[in-house]
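Summary of the model geometry
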Amino acid sequence: NAGVMQNPRHLVRRRGQEARLRCSPMKGHSHVYWYRQLPEEGLKFMVYLQKENIIDESGMPKERFSAEFPKEGPSILRIQQVVRGDSAAYFCASSPTTGVREKLFFGSGTQLSVL
Amino acid sequence: GESVGLHLPTLSVQEGDNSIINCAYSNSASDYFIWYKQESGKGPQFIIDIRSNMDKRQGQRVTVLLNKTVKHLSLQIAATQPGDSAVYFCAENIDPKIQGAQKLVFGQGTRLTINP
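Rules of the game
- Residues numbered from 1 in each chain as written.
- Chains lettered and ligands numbered in written order.
- Predicted model: local features only at pLDDT ≥ 70, side-chain atom pairs only at ≥ 80, totals over all residues.
- Heavy atoms only, no water.
- Helix = DSSP H or I, 4+ residues; strand = E, 2+ residues; numbered from the N terminus.
- Rg over C-alpha atoms; globule rule 2.2 N^0.38 Å.
- Buried < 20%, exposed > 50% of the residue type's maximum accessible area, 1.4 Å probe, protein only.
- Contact = heavy atoms within 4.5 Å.
- Areas by Shrake-Rupley, 256 points an atom, 1.4 Å probe, with all protein chains shown as cover.
- Lys, Arg positive; Asp, Glu negative; His and termini not counted.
- Charge placed at Lys NZ, Arg CZ, Asp CG, Glu CD.
- Salt bridge = Lys/Arg side-chain N within 4 Å of Asp/Glu carboxyl O.
- Phe/Tyr/Trp six-rings, centres within 6.5 Å; stacked < 30°, edge-to-face > 60°.
- pLDDT = per-residue confidence, 0-100.
- Core = buried A, V, L, I, M, F, W, Y, C linked by side-chain atoms within 4.5 Å.

A word on the overall build of chain A
Summing up its helical and strand segments, chain A has zero helices and eleven strands in all. Rg of the C-alpha trace for chain A: 13 Å, near the compact-globule value of 13 Å for 115 residues, within the 12% margin. Principal axes of the C-alpha set define a box for chain A whose edges measure 40 × 25 × 25 Å. For chain A, with 115 residues in total, the buried portion stands at 43%. Long-range contacts, defined as pairs at least 24 residues apart, comprise 52% of the intrachain contacts of chain A with a sequence gap of at least 6. For chain A, the exposed surface amounts to about 5,800 Å²; the carbon and sulfur share of it is 48%. Within chain A, the 11 negative side-chain charges are centred at a point lying 5 Å from the centre of the 17 positive side-chain charges.

Details of the overall build of chain B
Looking only at helices and strands, one finds zero helices and ten strands in chain B. Traced from its N-terminal end to its C-terminal end, chain B shows the element sequence β-β-β-β-β-β-β-β-β-β. Every one of the 116 residues in chain B was classed for burial, and the buried ones make up 42%. By element, 47% of the accessible surface of chain B is carried by carbon and sulfur atoms, the whole surface being about 6,200 Å².

Considerations on the pattern of salt bridges
Evaluated as defined, the whole model comprises eight salt bridges over all chains. With a shortest N-O distance of 3.6 Å, Glu 18 of chain A and Arg 20 of chain A are connected by a salt bridge. We note a salt bridge from Arg 61 of chain B to Asp 84 of chain B, for which the minimum N-O separation is 2.9 Å. Taken as a pair, Arg 61 of chain B in the loop between strand 5 (56-58) and strand 6 (62-67) and Asp 84 of chain B in the loop between strand 7 (72-77) and strand 8 (86-93) lie far apart in primary sequence, 23 residues in all. Salt bridges sharing partners connect three or more residues here, namely Glu 18, Arg 20 and Arg 78 of chain A.

Examining the packing of aromatic side chains
Counting across every chain of the model gives ten aromatic pairs over all chains. Measuring from centroid to centroid gives 4.5 Å for Tyr 33 of chain A and Tyr 48 of chain A, while their planes differ by 5°, and the two rings are stacked. Highlighted residues: Tyr 33 of chain A in strand 4 (residues 29-37) and Tyr 48 of chain A in strand 5 (residues 43-50), separated in sequence by 15 residues. Each member of the pair, Tyr 33 of chain A as well as Tyr 48 of chain A, carries the same accessibility label: buried. Note on Phe 106 of chain A and Phe 106 of chain B: the rings are 6.2 Å apart at their centroids and 75° apart in plane angle, and the pair reads as edge-to-face.

Observations concerning the confidence of the model for chain B
Interpreting fine coordinate detail is not advised for predicted regions of low pLDDT. Chain-level statistics for chain B give a pLDDT mean of 87 and a share of 88% at 70 or above. Low confidence marks residues 1-5 of chain B, where pLDDT is under 50. Its contacts with residues over four positions away, or in another chain, come to zero contacts.

Focus: unusual backbone geometry
In terms of backbone geometry, most residues other than glycine have negative phi values and most peptide bonds are trans. All names here are of chain A. The residue after Asn 7, namely Pro 8, is reached through a cis peptide bond having omega -5°. Mapped onto the elements of the fold, Pro 8 is located in the loop between strand 1 (5-7) and strand 2 (10-13). The phi dihedral of Glu 40 falls on the positive side, at around 65°, and the residue is not glycine. As for its placement among the helices and strands, Glu 40 is situated in the loop between strand 4 and strand 5. Residue Glu 40 is classed as partly exposed on the basis of its relative accessible area of 30%.

So, the nonpolar core
Judged by nonpolar contacts, the single largest core of 23 residues is most densely connected at Trp 34, Met 46, Leu 77 and Tyr 90 of chain A. Counting only elements with at least two residues in this core, the list comes to strand 3 (19-24), strand 4, strand 5, strand 7 (65-68), strand 8 (75-79), strand 9 (88-96) and strand 11 (110-114) of chain A.

Here is the structure:
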């Protein structure tokens, strides 16, 4: 059973370009979370999605950032017109569809570097 | 200008010794807490969790203690091994109203180094 898969592992963009980060949750998981981590800091919640629905995006910047989790395919975190401050590690996590609070399983992250 | 990241608190222990990592949390309403281990270049890995109706929970070589009065968590690792070297984060679930959701707030983290 493969874990949470994120790609690419490393992404380099110039200021003003777009960054697209992909996350495939664990098999059978339909809850996806995106977190951002700056160096030497803890992870910061960005957005929580279920299939085709954004449940909580209170941690997402109001502009340039968007997320989706379509019926088919991976979840995508999209950052338009990147700036240097967007440089960070972006982690995706997933959990199963149950009514009980479940553990989060994290991917290995995408390290975004903005030049 | 650029912001400068804070240096992580560090803890060095001798291999075989016990270690205790502490964490203060912020939200009195949080009812679920988790400790994660993060190795360099990897995502956080679940270690142990505890609900607010408990004050202690034990796993294999790890124990989590919860003191709700002072909003404090600790992680005890027994007989540390070289593979325990990592950054350890506590996290609290700040939105327990959404059943099944894991909207977590992470602490700053502590870097644990095991000396041979």
